[in-house]
Amino acid sequence: MGVTDPAGPVMDRDEVDRALARLGQEHEAIETSLLALQDHAGRRLLEGAELAGVTQERWQATEARITLLWSYFDAYTDALRGAREIRARRRWSSREDLAELTQLLRGTSVTVAGPGTGRLSESFSLTELVDRMNELYATSLDLVVTADAVWSALPARIDLLAAELQRTRQLAHSVGVRPGEHPAGDDLERITRTLTRLREDVIRDPLAFWVPARGSSAPGGGRPDTTVYDREARALEDVRREIDAVLTVRQDAEARLIRLRDVLSRADRTLAEARTARGEVLAKIAATEVPVVSGPPTVLQEQLATAAEYRRGAQWHRLSPLLESLEQKAEDELLRAREQLTAVTAPLAVRAELRGRLDAYKAKAARHGLAEDPFLVERYDAARRMLWSAPCDLRVAEGAVLRYQRAAAELLDGAPEDREGDRR
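As a starting point, this report considers the structure included with it. (Residues numbered from 1 in each chain as written. Predicted model: local features only at pLDDT ≥ 70, side-chain atom pairs only at ≥ 80, totals over all residues. Heavy atoms only, no water.)

Here we take up the pattern of salt bridges. For the coordinates displayed, the defined rule picks out 16 salt bridges. A salt bridge links glutamate 26 to arginine 22; its shortest N-O distance comes to 3.5 Å. On the criterion of helical spacing, the pair formed by glutamate 26 and arginine 22 is a turn pair, its members being four residues apart in helix H1 (residues 13-39). Under the relative-accessibility criterion, glutamate 26 is labelled partly exposed at 26%. A salt bridge links glutamate 353 to arginine 357, with the nearest nitrogen and oxygen atoms 2.9 Å apart. Separated by four residues within a single helix, glutamate 353 and arginine 357 lie in helix H9 (residues 316-367), roughly one turn from each other. On the basis of relative accessibility, which here comes to 40%, the residue glutamate 353 falls in the partly exposed class. Connected through shared salt-bridge partners, Glu164, Arg167 and Arg240 make up one network. (Salt bridge = Lys/Arg side-chain N within 4 Å of Asp/Glu carboxyl O. Helix = DSSP H or I, 4+ residues; strand = E, 2+ residues; numbered from the N terminus. Buried < 20%, exposed > 50% of the residue type's maximum accessible area, 1.4 Å probe, protein only.)

If you want it as structure tokens, here you go:
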């Protein structure tokens, strides 16, 4: 150990082997992260989108950063390969080999072309290179995750609000609330223009709609900025109340009939969805009792038709009590339909929960460096096959997930484990 150089004391063979093993693990982890970043849905969307504003500016910088990151990784790979080749020359490395390995593993031995900053090249130690790659990766991932979070949240919410807006416009038109004739009609036109422009802006410049979390250094720490969306949602709700007031004044009975038809229609659609879901459950879930879904009650539709006749005939004394009775029965019918849908889809919900639990434990194991543990991989693959096969036996699958959880927990806690006995 006595000879020294800028890389420090010459490492012995055991130190070299430990360093190579650690660097190999770091190489695998970095490669996995880079490939995940390469395949990230947010990155693919950014590459294919017509960007503008701050997103365009930051994405251009991030693309250059990712390119540099791969250059650093290639240099790291070459350096690690070179060190392994020197170590593989002979079983018992010579003093000269150990000195060369010490310089490679601890010294400033990796030279990378300059990243367009005016420098022709940069030199790093392997440790410094890993730190630099981690920094570049975290910054790049933050942008990708942030853009993906905005795109995953806001456009879908805007579309739902736009669909509600369209229904409101149709309802408004039916009672004479039109632009230029009623303030609520003008408000609907303004909300329509604002939502259209908002969606376009979100798609082109998602980073402009992100509020970072204070004090958070995690990639994607923060939330989408829904200020404009929330304002228009409140405005639409105000318009709805205004239209409801018009309906109450002009045609209370017709409004109640429309709501009744809507509730019964939703109940029918829910029952239809339950029937479809039942077939799916029977096909995908084994050994499960799935309740039979009943059909819609025709008596309510008959009573609804009678109520419409009463309105056309101006038989208000008969219509009023019938509407009150129908409104309660329709709500009860919708509740019953939803309960049947919930009961029918319960096995799918259980399967989804098991899938989520399995992947959550896998992610936890990966964070602690246990992703490649053969025993855990075997348990994970067994559980995954059961959960993603059709039909799926939930009882057996749950047991497989529990076995994986216990195995992961034991490894994470550092507790000894009799693997051969557990396999039996």
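Next comes the rest of the account.
Time to look at the nonpolar core. Counting 42 residues, the largest nonpolar core has Leu358, Leu376 and Leu387 as the members making the most contacts within it. Only helix H7 (227-284), helix H8 (298-312), H9, helix H10 (374-387) and helix H11 (394-413) provide two or more residues apiece to this core. It is H9 that contributes the most residues to this core, 12 residues altogether. Residue assignment places this core across two domains, with domain 2 (252-345) and domain 3 (347-414) each supplying three or more. When near neighbours in sequence (up to four residues on either side) are disregarded, leucine 376 contacts Ala365, Leu370, Tyr404, Ala407, Ala408 and Leu411. Grouped together as the second largest cluster of nonpolar side chains are 32 residues, Leu37, Trp59, Ala147 and Phe209 included. (Core = buried A, V, L, I, M, F, W, Y, C linked by side-chain atoms within 4.5 Å. Domains from an automatic or database assignment. Contact = heavy atoms within 4.5 Å.)

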